[in-house]
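# Overview (structure and organization)
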Amino acid sequence: MIYLFLANGFEEIEALTPADLLRRVGKEVITVGIGSKEIVGAHGITVTADLCDSDLSASSFDSLEMIVLPGGMPGAANLAASSLVNEAIAAANKNSLPIAAICAAPAVVLGCYDFVCGKRVTCYPGFESQLSTAVVTGSAVEEDGNLITAKGPGAAMAFALTLVRRLCGVETAQKLKGSLQC
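The paragraphs below set out a description of the structure included in this document. (Residues numbered from 1 in each chain as written. Predicted model: local features only at pLDDT ≥ 70, side-chain atom pairs only at ≥ 80, totals over all residues. Heavy atoms only, no water.)

## Points about the environment of Val40
In plain terms, the rule: In this description a helix means any DSSP run of H or I spanning at least four residues, a strand means any run of E spanning at least two, and both kinds are numbered starting from the N terminus.
By the secondary structure assignment, Val40 is in strand 3 (residues 38–40). For Val40 and Gly9, which are 31 residues apart along the polypeptide, the C-alpha to C-alpha distance reads 6.2 Å.

Shown next, in the form of structure tokens:
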């Protein structure tokens, strides 16, 4: 199961692109709204999440396969303030499961974690200082161990395809990429 966390102020393209592509290849993606099932994105698009954070508990992470953290502000800050999101991050890292974050989320949500130390990461320009213990590359997408990060909205498709490749293999990702004409 993949949990994709949504908080008010999230960047819509960074959340919906990975959810869409992962579902296209048959992965179970559960969108989780922080504080409500109705979440308003940074550009005024309201999304109804599959679950509200109050529907989950620490045991919900027993079948976790990956977590996805979209950026956008104040969405990333709202994710960082969520105890449930932090429990999910801890569970994923403990089990060496992929933690995927894009835009502001690598810095704002993950920048305080020790497991980021020394890892190659990327984030939206201007947030690099919050990743002072990491190696910030500025690449569109970066993978280092169980950490997958991406730069911003323009990297959403490459980020999503990277997640598909990580979970389903190169052949599936290439086939999906071809069918999407990208």
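So, next bit.
## Quick look at the nonpolar core
Across soluble globular proteins, you tend to see nonpolar side chains buried next to one another. We count it as follows: Nonpolar cores are built from buried Ala, Val, Leu, Ile, Met, Phe, Trp, Tyr and Cys residues. Side-chain atoms within 4.5 Å join them into one set. Summary of the burial criterion: residues with accessible area below 20% of their type's maximum are buried, those above 50% are exposed, and those between are partly exposed, where the area comes from a 1.4 Å probe applied to protein chains only. Contacts are residue-level and defined by heavy atoms, with any inter-residue pair within 4.5 Å sufficient.
In this structure, Phe5, Leu69, Ile89 and Leu110 are the most contacted members of the largest nonpolar core, which totals 37 residues. Put simply, the parts of the chain that give this core at least two residues each are strand 1 (2–6), strand 2 (29–33), strand 6 (66–69), helix 2 (75–80), helix 3 (83–94), strand 7 (99–102) and helix 4 (105–108). In terms of residues, this core owes the most to one element, helix 3, which gives six residues. In contact with Phe5, not counting residues within four places along its chain, are Val32, Ile34, Phe61, Ile67, Val68, Leu69, Pro70, Leu79, Leu84, Val85 and Ala88. If you look at the next biggest cluster of nonpolar residues, it comprises 29 residues, including Phe10, Val29, Val47 and Ala49.

## Considering helix 1 (residues 12–24)
Cut-off, in case you're wondering: Helix span is expected to be 1.5 Å times the residue number reduced by one.
The terminal C-alpha atoms of helix 1 lie 18 Å apart, and with 13 residues this matches the ideal 18 Å at 1.5 Å per residue to within 8%. Among all positions of helix 1, only Glu12, Glu14, Ala15, Thr17, Pro18, Ala19, Leu21 and Leu22 are buried. In this fold, the buried residues of helix 1 make contact with strand 1, strand 2, strand 6, strand 7, helix 5 (156–168) and helix 6 (170–179). Just past helix 1, the residue Gly26 takes up positive phi, approximately 85 degrees.

## Here's the deal with the pattern of salt bridges
We count it as follows: Salt bridge, as applied in this entry: a Lys or Arg side-chain nitrogen positioned within 4 Å of an Asp or Glu carboxyl oxygen.
All chains considered together, the criterion is met by seven salt bridges. Taking the shortest distance from any N to any O, the salt bridge between Arg23 and Asp50 comes out at 2.8 Å. In this pair, Arg23 sits in helix 1 while Asp50 sits in the loop between strand 4 (46–48) and strand 5 (51–52), placing the two residues 27 residues apart along the sequence. Exposure remark for Arg23: the relative accessible area of 41% places this residue in the partly exposed category.

## Quick word on the pairing of strand 10 (residues 141–144)
We count it as follows: Strands qualify as paired when DSSP identifies two bridges or more between them.
By the alternation rule, side chains of strand 10 split into Glu142 and Asp144, which are all buried, and Val141 and Glu143, of which none is buried. Two elements, strand 10 and strand 11 (residues 147–150), share four bridges in a ladder whose sense is antiparallel. Within the sheet, the bridge partner assigned to Val141 lies in strand 11 and is Ala150. The loop that links strand 10 with its antiparallel partner strand 11 comprises two residues; one of these, Gly145, has a positive phi angle of about 65 degrees.

## Some points on the packing of aromatic side chains
Here is the rule: By convention, a stacked pair of Phe, Tyr or Trp rings (six-membered ring in the case of Trp) has centres within 6.5 Å and planes under 30 degrees apart, an edge-to-face pair has planes over 60 apart, and any other such pair is tilted.
Taken as a whole and judged by the stated rule, the model has three aromatic pairs. Pairing Tyr3 with Phe5 gives two aromatic rings, centres 6.2 Å apart and planes at 35 degrees, and the pair type is tilted. Here Tyr3 and Phe5 have matching classes, each one buried. Of the aromatic side chains, those joined through ring pairs into one cluster are Tyr3, Phe5 and Phe61.

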